[in-house]
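# Examination of the molecular architecture
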Amino acid sequence: MAARFQLVIDCADPEPLARFWAAALGYELEPPPAGFASWDAYWRDLGVPEDELGTGADCIVDPSGRGPRIWFQVVPERKAAKNRLHLDISVSGGRAVPIETRRQRVDAEAARLADLGALLVGVLKTEALDHYAVAMEDPEGNEFDIN
């Protein structure tokens, strides 16, 4: 049986990053548990100290329940080196789709995510391999690819 897992992304400011990735992946902000108006109210009820509250929305979930929960964990240090793990967002339709259509789809998604605060890093294309992708960084500099 496959293990369920949560993906954790270190960050300085969770809510804007959670909102970016929710829009990028078609996820939604995780609602607070039933009976609570907010996550802070829930954590207060459990006894979490006030100085640990107030980070805003810090988790996103796949509305279909298929994808992993993603938690944006506050850390004091800024990102300083290349990620050892990154996400690939697949929008092209795969190699059964003509390369020009894949390019258009990837470029359109890159433009949409750039409008949300992502930074275009470069284009990854290898004609001989029939491959096209775009490398980007999210608003806090975490790398990801669109293919």
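Read on for a plain summary of the structure. (Residues numbered from 1 in each chain as written. Predicted model: local features only at pLDDT ≥ 70, side-chain atom pairs only at ≥ 80, totals over all residues. Heavy atoms only, no water.)

## Notes on the packing of helix α1 (residues 14–25) against helix α3 (residues 99–115)
Put simply, α1 and α3 touch, their axes get as near as 10 Å, and they point 160 degrees apart. As summarised for this structure, α1 and α3 are arranged roughly antiparallel, according to the angle between their axes. Handedness of the crossing formed by α1 with α3: right-handed. Here α1 contributes F20, A23 and A24 to the contact with α3, which in turn contributes E109, R112 and L113. (Axes fitted to C-alpha atoms, helices over the stretch in contact; angles between N-to-C directions. Helix = DSSP H or I, 4+ residues; strand = E, 2+ residues; numbered from the N terminus. Parallel < 35°, antiparallel > 145°, perpendicular 65-115°, else oblique. Left-handed = near helix turned anticlockwise from the far one by under 90°. Contact = heavy atoms within 4.5 Å.)

## Re the sheet that holds strand β1 (residues 6–11)
Sheet architecture is open: four strands sit in the order β1-β4-β3-β2, paired in mixed fashion. Whereas interior strands pair on both sides, the edge strands pair on one side only; in this sheet they are β1 and β2 (28–29). Pairing of β2 with strand β3 (residues 59–61) involves two bridges; the strand directions are antiparallel. Across the sheet, E28 pairs through a bridge with V61, a residue of β3. Each of β1, β2, β3 and β4 (69–74) touches α1; the most contacted strand, β4, lies at about 155 degrees to it. (Pairing = 2+ DSSP bridges.)

## Section: the packing of aromatic side chains
All chains considered together, the criterion is met by seven aromatic pairs. Three or more aromatic residues link up through ring pairs in this structure, and these residues are F36, W39, Y42 and W43. (Phe/Tyr/Trp six-rings, centres within 6.5 Å; stacked < 30°, edge-to-face > 60°.)

## Focus: the pattern of salt bridges
All chains considered together, the criterion is met by six salt bridges. Of the charged contacts in the structure, one is a salt bridge between R102 and D130, with a shortest N-O distance of 2.8 Å. Pair noted here: R102 is in helix α3 and D130 is in the loop between β6 (119–126) and β7 (131–137), with a separation of 28 residues, a long-range link. A relative accessible area of 28% places D130 in the partly exposed class. (Salt bridge = Lys/Arg side-chain N within 4 Å of Asp/Glu carboxyl O. Buried < 20%, exposed > 50% of the residue type's maximum accessible area, 1.4 Å probe, protein only.)

## Concerning the sheet that holds strand β8 (residues 143–146)
Hydrogen bonds between backbone atoms are what pair the strands of a sheet, whose relative direction is either parallel or antiparallel. Reading across from one edge, β5-β8-β7-β6 is the order of the four strands in this open sheet, with mixed pairing throughout. With partners counted over all chains shown, the strands left at the sheet margins are β5 (87–89) and β6, one partner each. In this sheet, adjacent strand axes meet at a mean angle of 25 degrees when their direction is disregarded. With seven bridges connecting them, β6 and β7 associate as antiparallel partners. By the bridge assignment for β7, L120 is matched with M136. The strands touched by α1 are β5 and β8; relative to β5, the strand with the most contacts, the crossing angle is about 40 degrees. Its contacts with the sheet place α3 against β5, β7 and β8, and it is angled at close to 5 degrees to β7.

## Things to note about the side chain of D145
By the secondary structure assignment, D145 is in strand β8. Not counting the four nearest positions on each side in its chain, D145 is found in contact with H86, L87, D88, I89, L124, V134 and A135.

## Comments concerning the environment of A34
Position of A34 relative to the elements: it lies in the loop between β2 and α2 (39–45). Distance from A34 to D62, taken between C-alpha atoms, is 18 Å for residues 28 residues apart in sequence.

## A closer look at the pairing of β8
Every second residue of β8 is oriented toward a common face, with E143 and D145 on one face and F144 and I146 on the other, all of them buried. Two elements, β5 and β8, share three bridges in a ladder whose sense is parallel. When the bridges of β8 are listed, D88 appears paired with D145. Here β7 pairs with β8 via four bridges, running antiparallel. Each residue of the ladder has a partner; that of V134, found in β8, is I146. What sits between the antiparallel neighbours β7 and β8 is a turn of five residues, in which G141 has the positive phi angle 95 degrees.

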